Amino acid sequence: MFDLAEVGPCGKVDLERPDSLFINNLLEMTKQKIAVLVLAAGLGTRMKSARPKVLHPLAGRPIIGHVMDTLAGIDPDRTVVVIGAEMEAVAKAVAPHTCVVQEPRLGTGHAVLAAREALGEFDGDVLIAFGDTPLVSAETLSALISARRAGEGAAEGAAVAVLGFRPADPGAYGRLILAPDGSLKAIVEARDASPEERAVDLCNSGVMAVDGRRLFGLLDRVGNDNAKGEYYLTDLVHLARGDGLRCVQMEAPAEELLGINSRADLAVAEAVVQTRLRARAMAEGVTLIDPTTVHFSHDTRLGRDVTVAPFVVFGPGVTVGDGVEIHAFSHIEKAAIEAGARVGPFARLRPGAAIGRNAHIGNFVEIKNAAVEAGAKVNHLTYIGDARVGAGANIGAGTITCNYDGFFKDHTDIGAGAFIGSNTALVAPVTVGDGAIIGAGSVITKEVAADALAVTRSEQRQLSGWARSFRKRKQALKDALASKAKRKA
Ligand code: UD1
Ligand code: CA
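Every value quoted in this text rests on a predicted model; they were computed, and no experiment measured them.

Criteria and cut-off values
- Residues numbered from 1 in each chain as written.
- Chains lettered and ligands numbered in written order.
- Predicted model: local features only at pLDDT ≥ 70, side-chain atom pairs only at ≥ 80, totals over all residues.
- Heavy atoms only, no water.
- Helix = DSSP H or I, 4+ residues; strand = E, 2+ residues; numbered from the N terminus.
- Rg over C-alpha atoms; globule rule 2.2 N^0.38 Å.
- Contact = heavy atoms within 4.5 Å.
- Areas by Shrake-Rupley, 256 points an atom, 1.4 Å probe, with all protein chains shown as cover.
- Lys, Arg positive; Asp, Glu negative; His and termini not counted.
- Charge placed at Lys NZ, Arg CZ, Asp CG, Glu CD.
- Patch = residues over 30% accessible without salt bridge, like charges linked within 9 Å, V, L, I, M, F, W, Y side chains within 5 Å.
- Salt bridge = Lys/Arg side-chain N within 4 Å of Asp/Glu carboxyl O.
- Core = buried A, V, L, I, M, F, W, Y, C linked by side-chain atoms within 4.5 Å.
- Buried < 20%, exposed > 50% of the residue type's maximum accessible area, 1.4 Å probe, protein only.
- Domains from an automatic or database assignment.
- Donors = N, O, S within 2.8 Å, 3.2 Å for Na, K, Ca; no water.
- Buried area = accessible area lost by both parts, 1.4 Å probe.
- Polar contact = N/O pair within 3.5 Å; in protein donor to acceptor, adjacent residues only side chain to side chain.
- Nonpolar A, V, L, I, M, F, W, Y, C, P; charged D, E, K, R; others polar.
- pLDDT = per-residue confidence, 0-100.

**Q** Explain the overall build of the chain to me, please; I cannot follow it from the model alone.
**A** Counting secondary structure elements, the chain contains 11 helices and 33 strands. Taken over the C-alpha trace, the chain has a radius of gyration of 33 Å; the compact-globule value for 489 residues is 23 Å, which it surpasses by more than 25%. Contacts in the chain between residues far apart in sequence, at least 24 positions, make up 42% of those at least 6 positions apart. When the accessible surface of the chain is summed, it comes to about 24400 Å², and 54% of that surface belongs to carbon and sulfur atoms. Looking at the chain, you have 54 positive and 57 negative side-chain charges, and the mean spots of the two groups are 16 Å apart.

Structure (structure tokens):
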């Protein structure tokens, strides 16, 4: 009934008695509950921004969106996000998860206390994460929870397991102070640390797993007698130790634990995420000719054998089918490109662009809220907005759909196999039937029937020899003026 792989790290399996596996699993399943607390009430003053720090975008979605997504990966039973007053936008970003408001903000320990009621009676693992630390992986979080449960052999596991890391510059991070047996003795904030403690390079990432049965009993005893006058969550560790409980630390790669406090940190985090997204694209069969110049969104979906040339930017919501070629300097957002299509160079696909199989979108072409159906070609200097371009149609250079009259947007429908001559203005709402041809330079305001020719330009006139006599007249006038000026001088 149960897969061995599902047995948690504490599951004691008696191989002599197969039924014990079942019982152990049941126990595991009832007791191994996980609640997640995300602290995000901080003002993020160092961002110097009108917007809450955790809403700044990273790979096309808010910083906290990355945190929430990773946390979903460990399948928590409850999730509570601690936000500050006037942070409705953050609550919206993390919906439908429960938010509690911490007001005033008196430190990380105080923030966890603000979630007490929302969390309710909870005797499983409480995983505490920071809204501004978005690069941590679900694997690392699961390993931390396992480390707490195992507690390095302590009978009931550790009271607290802290995720540690060694950043290039330990700076203002809290330091993890270890006991001689390697267990975690205390966390000391940089401002409160002695010179010896500050010399420690193992730092507190802020992420910790706490035994839910102990959490609030310990927190109630946390004081604020420290450099910042705040209630530090980190004080849990020495309090737990004082009660004879075990605390442990688990070290994770520094790259995962960068906390974003400034715009500079945000840029570093963006670089990390982009490197990951590029690596993933290539691992899945995408050619990136110059990977470091391509920018992805967290949700970019690329098929196999897609080739992306240098300097291409993917905004959110882009799907690309197999074998698509995207040429240099294209900018694509909320768009779908089907298999075999060619886009760019210098193409702009805006929200609602749907490019069909084997269609071609060429240079200096902008497509918005429009379907360009299979095999259609829009190759040069064109704007197609609020429109359908039927299969196999050919849109000449400089064609513009005039979709906006300053008040309303209207639709242009171009039938399959239609041919739109260069420099045509299609004044919406307007329909061009299947197989119709529009003469170059036309302004189309009325329906064009299938297979018809429509031309609106005025008739061409010709005056034989006119250009030659024009030049002769003008040259004579210019010469006369020049000699007059000479005589005067
Ligand atoms: C904290 C840790 C430090 C650790 C560092 C890692 C404490 C006391 N210090 O310091 O050991 O090395 O993170 O990045 O925990 N928050 C609230 N309410 C508050 C205060 C903070 O929700 O009253 C939230 C913030 O939004 C943020 C997180 O808690 O997401 C951390 O707060 P921050 O002020 O950035 O703590 P640090 O000084 O960086
Ligand atoms: Ca911080």
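Still to come is the rest of the account.
**Q** Looking at this model, I keep getting lost on a nonpolar patch on the surface. Mind explaining?
**A** On the surface, a cluster of nonpolar side chains totalling about 510 Å² of accessible area is made up of Phe-311, Phe-329, Phe-346, Phe-364 and Leu-381. Topologically, Leu-381 is positioned in strand S24 (residues 377–389).

**Q** Would you mind showing me how to read the nonpolar core here?
**A** Phe-314, Ile-337, Leu-349, Ile-355, Ile-361 and Ile-367 are the most contacted members of the largest nonpolar core, which has 59 residues in total. Summarising the domain contributions, this core has at least three residues from each of domain 1 (4–257) and domain 2 (286–454). Once residues lying within four places of it in the same chain are set aside, the contact partners of Leu-349 are His-331, Ile-332, Glu-333, Ala-335, Ile-337, Val-343, Ile-355, Ile-361 and Ile-367. Phe-122, Leu-202, Leu-219 and Leu-233 belong to the second-largest nonpolar core, a separate cluster that totals 35 residues.

**Q** Would you explain the coordination of the calcium ion (ligand 2) in this entry?
**A** Around a metal, the idealised angle for a tetrahedral arrangement of four donor atoms is 109.5 degrees; for an octahedral arrangement of six donor atoms it is 90 or 180 degrees. Looking at the calcium ion (ligand 2), the protein donor atoms are Asp-132 (OD) and Asn-261 (OD1), and they sit 2.9 to 3.2 Å from it. In this pair, Asp-132 is assigned in the loop between strand S6 (125–130) and helix H6 (138–150) and Asn-261 in the loop between strand S11 (247–251) and helix H10 (263–283), connecting sequence segments 129 residues apart. Here the two residues Asp-132 and Asn-261 agree in accessibility, since each one is buried.

**Q** Help me understand the domain arrangement of the chain in this model?
**A** The accessible area lost on association of the parts is a frequent measure of interface size. Per the domain assignment, the segments making up the chain are domain 1 (4–257) and domain 2 (286–454). In this structure, domain 1 and domain 2 have C-alpha centres spaced 48 Å apart. In this complex, domain 1 contributes four residues to the contact, which on the side of domain 2 involves four residues. Between domain 1 and domain 2, a total of about 270 Å² is buried, with carbon and sulfur atoms accounting for 56% of that surface. Three residues, Ala-59, Gly-60 and Arg-61, lead the burial of domain 1 against domain 2; their summed loss comes to 96% of the area buried on that side. One can count zero salt bridges joining domain 1 with domain 2. The interface formed by domain 1 and domain 2 holds two residue pairs in polar contact (both at pLDDT 80 or more) in total. Taken together, the residues of the side of domain 1 that touches domain 2 break down into one nonpolar, two polar and one charged.

**Q** Looking at this model, I keep getting lost on the confidence of the model for the chain. Mind explaining?
**A** Detailed conclusions should not be drawn from predicted coordinates in areas where pLDDT is low. Looking at the chain as a whole, its pLDDT mean stands at 93, while 94% of the residues score no less than 70. Between residues 1–27, whose pLDDT stays under 50, and residues either more than four places distant or in other chains, the model counts 23 contacts.

**Q** Sorry, what's going on with the environment of Thr-456 here?
**A** Counting through the fold element by element, Thr-456 comes out in the loop between strand S33 (453–454) and helix H11 (466–488). The exposure class of Thr-456 is partly exposed, given its relative accessible area of 40%. Sequence-distant contacts of Thr-456, that is, excluding residues within four places in its chain, are made with Gly-441, Ser-442, Val-443 and Ile-444.

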